[in-house]
Structures are given as C-alpha cells and as structure tokens.
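Understanding the architecture of this molecule
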Amino acid sequence: MDKRIENFAKLAVEFGVNVKEGEDVLINTPVESPELARLMAKASYEKGAANVEVDFRDDELTRLNYKHKSSQRLEEVPKWQIEKLQYQIADKKSNRISISSEDPDLLSGLDHEKIAKAIKSRSSQTKDFVKYTMNDIVSWLVISVPNKKWAKKVFPDLGEEEAVEKLWQVILDVSRVSESWEETKNNWQNHLESLDSKAEYLNSHQFDKVHYKSSNGTDLWIGLPKDHIWMSAGSTNAKGDRFIPNIPTEEVFTSPLYNKVDGKLVATKPLVYNGVVIDEFYFIFEDGKVVDFDAKKGKDTLAKMLDSDEGSRYLGEIALVPYDSPISNSNILFYNTLFDENASCHFALGKAYPTTVKGGAEVADEKIREIGLNDSLIHEDFMVGAKDLQISAYKDDREFKIFVDGNWAF
Ligand code: ZN
Ligand code: ZN
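Below or above, wherever it landed, is the structure these notes cover. Given the structure is predicted, the values throughout are model-derived calculations rather than measurements.

Section: the overall build of the chain
Counting its regular elements, the chain contains 13 helices and 19 strands. Computed over C-alpha atoms, the radius of gyration of the chain comes to 20 Å, within 12% of the 22 Å expected from 2.2 N^0.38 for 410 residues, which places it in the range of a compact globule. Residues counted as buried form 54% of the 410 residues belonging to the chain. Look at the contacts in the chain between residues 6 or more apart in sequence, and 74% of them connect residues 24 or more apart.

What follows is the structure, encoded as structure tokens:
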C-alpha cells in the first residue's frame, strides 16, 4: 500500500493542484497523519515548488476550544491570522491542499448554536480569501486520509487498525490509484476525458430547465441560468492551469437559477453538518426557496443551517453523478461529504460557484444574484441520487433524457 499512498500524494500534486515551477503550496493536514502531507511536500518540491507550508490541526483541540472558549473569543479572527491569509493566499497565490479527515461525531453533544455562530462570524471575516478558491483564482484541492474514529464509524465490525487499513484501501480504490504511477496517470486521463465529454454535451445544448423524478417522492423542476456552464472534474485557475478540486471526483455540475426551483426534493443519504448527523430529510421549494422541510434525525441542526443567512434556503449547486460509480458501487456510507457526494447525484444549499456562469467570476458578490446565482456564507452538499432517478432536460419544451434509472442516458 505504501507505493499506492505515494502515488496518491503525487496525484494530488500533479493532477490535483498541478504545481508548477516557482509556486507556493499550502497544505492543511490533521496532526494525526502527517505522512501524506510529507509525501505531498516532497512531490511538490520535485515539481519545482518554491515553498511548501504545512498547517497542522487537531480534532481534540478543536473540540476543547468549542467547549471552553467564550463565544466572543471563538468569533474573533486575530489580526495575525488575516495577515497570514493575506500573505499565503492573496500575495503568494499558494496552491491550497486540504487533507480532510473528519470525525463524524466530533462536535456531538456540544452547543451547536455557539459553534454555528462562531463559524458564521469567522467565515464573514475571511470571505475575501475564500474567494480565491471559490472563484478558482488559485488551484485548490480537497482530499482525505483515514483516521481511527472515522474508520470505525465506516467499518464498525473491524478492529481500529484493520478499519483504518480498510478505509485507506477503499480511498485508494475509488480514487483510481494503483501501484504503478503510469497506470494511475492513465486512469485519470481517461476518467477526465469521459467526464469532459458529458459536460460538453450538456453545454452544447444550453438547456432551459431540468426535471428530477424518483419514487421516493422527489419531483423537482430547476431552471438554469443564461450562459451556464456544466463543469467536470477539471477547473482552470487564473493563470490558465488546469487543476482538479476534489479527489475522488465523479460529478458534472452547474448552478441552478436560484429563484426558479419548485417541487419536492428528498435526500437519499445522511448529511453530516457541523459534526451532527442529519438523516431522512426533504425540502419543499417554491420560487427557489425552501418553504418547508422535515428530518427524522437532526432536524434542529438542519433548521439552523437553513437559517444561516438569506441565501442558505436557496440552492447553489446541481451535480450529476451516476448511480454506477466506483464510490457508489462500494456500497459504503462514508459519513464524509467528499465521498458520499461523489457516490450520488447531489445539490448544495447556499453559495453557487461563480465560475458556473460565463463571466461569473468577475461579478461582485452583491450582484451575483443578477446573473441568477445564489450567494451565502454556507455551501452544503446533500445527496439525492436513487436507483430509479429520472432526469430530463428541456430546450424550448423539447425533452432530452439525461439520466435514466440513476445513470447517464447518453
Ligand atoms: Zn458537487
Ligand atoms: Zn458542492
């Protein structure tokens, strides 16, 4: 497996953020597993990186901070942190790699109102820097490593170490990483081409609206903005270099017309939000807005999420993922959005990616709704894929089949 993990790090650097000579790299990693970050740093320097910076974080300390610090201190972003972001993100335009490794129950039992307020306050103070990734100014990547708690949650019947090993294997499998670097490269070139061809077909038709229907109750109409762009795995940064923001990735996505969403949308997998599991939930949309919802589990947390700000009741992403994909076929519930969203068609509530409309990246946040895109401090994906999901797209009332029985129809 060591060789595969090395290739995973190389994949992150060469295909993920696509590090070029003289560039900076900023890696955020859990302190529990520094090995992957080290391998990424090595691979980055081998590609000619000028500087690699690694920020360590620790879940236990995060929990302690949320528990004991006052709201006031939690909501405060110290000046030095802003200066750090200014230097690394705005000045040095660092390639950003986030190694996520969530403990799905990290924040359970804590005061969620306090946490939500702190996150909201910090996000609004660092909004200028989020723009660099949200608008693809710099290359960025989210990739995951297992941790003991997460692995045990996914594989409760295995011992701690076996569970971690198993989760590593699955992550490498669904990320199309093999023991040979050549093969890994080929896997990704083919995968990218196939996703690109789907996006090209959708873009060439410039559909007006799409319709989702499945037997679980989903029956939803979604308008699409003028000049929308369906994006596939690859994005392009401000320098014109291609990068892949998520590994693994199976989705082709765009943004809905924020005020033209009507009907019922039923989630098909649980969602972990701020450390709380929300399950068996649905939304009713009218003119784009969630006007009713319910959840069997985590309803209070879902309500808080919806009330985050003005835009958090509107959709900001619509993503197509076939029911037959490596992640979906693994039949594993990861309790981790990066994996679960790539196993299933999904939507996101909250902010839309401005790059999904032609010229959108140049439009100011205050005016983004004028081109049909939603704005919010949150962007939360949730899964809606189902075995019998039918998706049709319409152009001047002519119907085109997009998904039949959960899979691509073309
Ligand atoms: Zn997505
Ligand atoms: Zn998303």
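Read on, since the account is not over.
Focus: the coordination of the zinc ion (ligand 2)
Taken together, the protein donors to the zinc ion (ligand 2) comprise E317 (OE), H379 (NE2), D381 (OD) and D381 (OD), at separations of 2.0 to 2.6 Å. Angles of 54 to 139° at the metal separate the 4 donor atoms of the zinc ion (ligand 2), which places the site in the irregular class. The motif formed by the donor residues of the zinc ion (ligand 2), counted along the single chain, is E-x61-H-x1-D. The zinc ion (ligand 1) is placed at 3.5 Å from the zinc ion (ligand 2), the two being bridged by E317. Each member of the pair, H379 as well as D381, carries the same accessibility label: buried.

Focus on the coordination of the zinc ion (ligand 1)
Protein-derived coordination of the zinc ion (ligand 1) comes from E251 (OE), E317 (OE) and H346 (NE2), at a distance range of 1.9 to 2.2 Å. One chain supplies every donor for the zinc ion (ligand 1), spaced along it as E-x65-E-x28-H.

Side note on unusual backbone geometry
With an omega of 0°, the peptide bond running from I247 to P248 counts as cis. Examined against the element boundaries, P248 turns out to sit in the loop between β8 (242-243) and β9 (252-254). Backbone geometry places Q206, a non-glycine residue, at a positive phi of 40°. In this fold, Q206 is placed in the loop between α10 (181-205) and β5 (209-213). In this structure Q206 comes out as partly exposed when scored by relative accessible area, which is 25%. Positive phi is not limited to glycine here, since E280 has a value of about 50°.

Some thoughts on the sheet that holds β9
Picture the strands of a sheet paired through backbone hydrogen bonds; they go either parallel or antiparallel. Spatial strand order, β9-β14-β15-β16: 4 strands in an open sheet with antiparallel pairing. The open sheet is flanked by β9 and β16 (379-383), the only strands paired with a single partner. Shown here is a sheet whose adjacent strand axes are inclined to one another by a mean of 20°, direction ignored. Where strand β14 (residues 315-320) meets strand β15 (residues 346-350), 4 bridges bridge the pair, whose relative direction is antiparallel. Following the sheet pairing, I318 is matched in β15 by F347.

A closer look at the packing of helix α1 (residues 2-17) against α10
To describe two helices that pack against each other, one gives the angle between their axes and the distance between the axes. For the pair α1 and α10, the least separation of the axes is 11 Å and the interaxial angle reads 45°. Comparing the axis directions of α1 and α10 gives the class oblique. For the crossing formed where α1 meets α10, the hand is right-handed. Facing N7, K10, L11, E14 and F15 of α1, the residues of α10 in contact are W181, T184, K185, W188, Q189 and L192.

A short note on the pattern of salt bridges
Scanning all chains against the criterion turns up 25 salt bridges. For K209, the salt bridge goes to D397, with nearest N and O atoms at 3.6 Å. Of this pair, K209 sits in strand β5 while D397 is found in the loop between β17 (390-395) and β18 (398-404), placing the two residues 188 residues apart along the sequence. With a relative accessible area of 28%, K209 lands in the partly exposed category. Residues joined by salt bridges that share partners form a network here, namely K127, K351, D365 and D375.

Remarks on a negative patch on the surface
On the surface, a cluster of negative charge is made up of E160, E161, E162 and E165. Position of E162 among the secondary structure elements: in helix α9 (residues 160-174).

Structural notes on the sheet that holds strand β3 (residues 95-100)
The 4 strands are arranged β2-β1-β3-β4 in an open sheet whose pairing can be described as parallel. Each of the sheet's edge strands pairs with one partner strand only, and the pair in question is β2 (51-57) and β4 (140-144). This sheet shows a mean twist of 15° between the axes of neighbouring strands, independent of strand direction. In the packing of α1 onto the sheet, contacts are made with β3 and β4, and the angle to β4 comes to roughly 155°.

Structural notes on the pairing of strand β10 (residues 261-266)
In the sheet, strand β6 (residues 219-223) pairs with β10 via 4 bridges, with the strands oriented antiparallel. When the sheet's bridge partners are listed, I222 is paired in β10 with V261. Taken together, the 4 bridges between β10 and strand β12 (residues 276-286) define a ladder with antiparallel strand orientation. Residue pairing in the sheet places G263 in a bridge with F285 of β12.

Overview of the pairing of β2
For strand β1 (residues 24-30) and β2, the ladder comprises 7 bridges, and the chain directions are parallel. Following the sheet pairing, D24 is matched in β2 by N51. In this region the chain leaves β1, passes through helix α2 (residues 35-46) and returns to the parallel neighbour β2; the handedness of that crossover is right-handed.

With respect to the side chain of Q88
Of note, Q88 is situated in helix α5 (residues 79-91). Assessed through its relative accessible area of 7%, Q88 is described here as buried. Dropping the residues within four chain positions of it, Q88 is found in contact with L26, E53, K93 and S94.

Reading the values: the criteria
- Residues numbered from 1 in each chain as written.
- Chains lettered and ligands numbered in written order.
- Predicted model: local features only at pLDDT ≥ 70, side-chain atom pairs only at ≥ 80, totals over all residues.
- Heavy atoms only, no water.
- Helix = DSSP H or I, 4+ residues; strand = E, 2+ residues; numbered from the N terminus.
- Rg over C-alpha atoms; globule rule 2.2 N^0.38 Å.
- Buried < 20%, exposed > 50% of the residue type's maximum accessible area, 1.4 Å probe, protein only.
- Contact = heavy atoms within 4.5 Å.
- Donors = N, O, S within 2.8 Å, 3.2 Å for Na, K, Ca; no water.
- Tetrahedral: all angles 85-135°; square planar, octahedral: opposite > 155°, others 65-115°.
- Pairing = 2+ DSSP bridges.
- Axes fitted to C-alpha atoms, helices over the stretch in contact; angles between N-to-C directions.
- Parallel < 35°, antiparallel > 145°, perpendicular 65-115°, else oblique.
- Left-handed = near helix turned anticlockwise from the far one by under 90°.
- Salt bridge = Lys/Arg side-chain N within 4 Å of Asp/Glu carboxyl O.
- Patch = residues over 30% accessible without salt bridge, like charges linked within 9 Å, V, L, I, M, F, W, Y side chains within 5 Å.
- Areas by Shrake-Rupley, 256 points an atom, 1.4 Å probe, with all protein chains shown as cover.
- Lys, Arg positive; Asp, Glu negative; His and termini not counted.
- Charge placed at Lys NZ, Arg CZ, Asp CG, Glu CD.
- Right-handed = clockwise from strand over helix to strand, strands pointing away.

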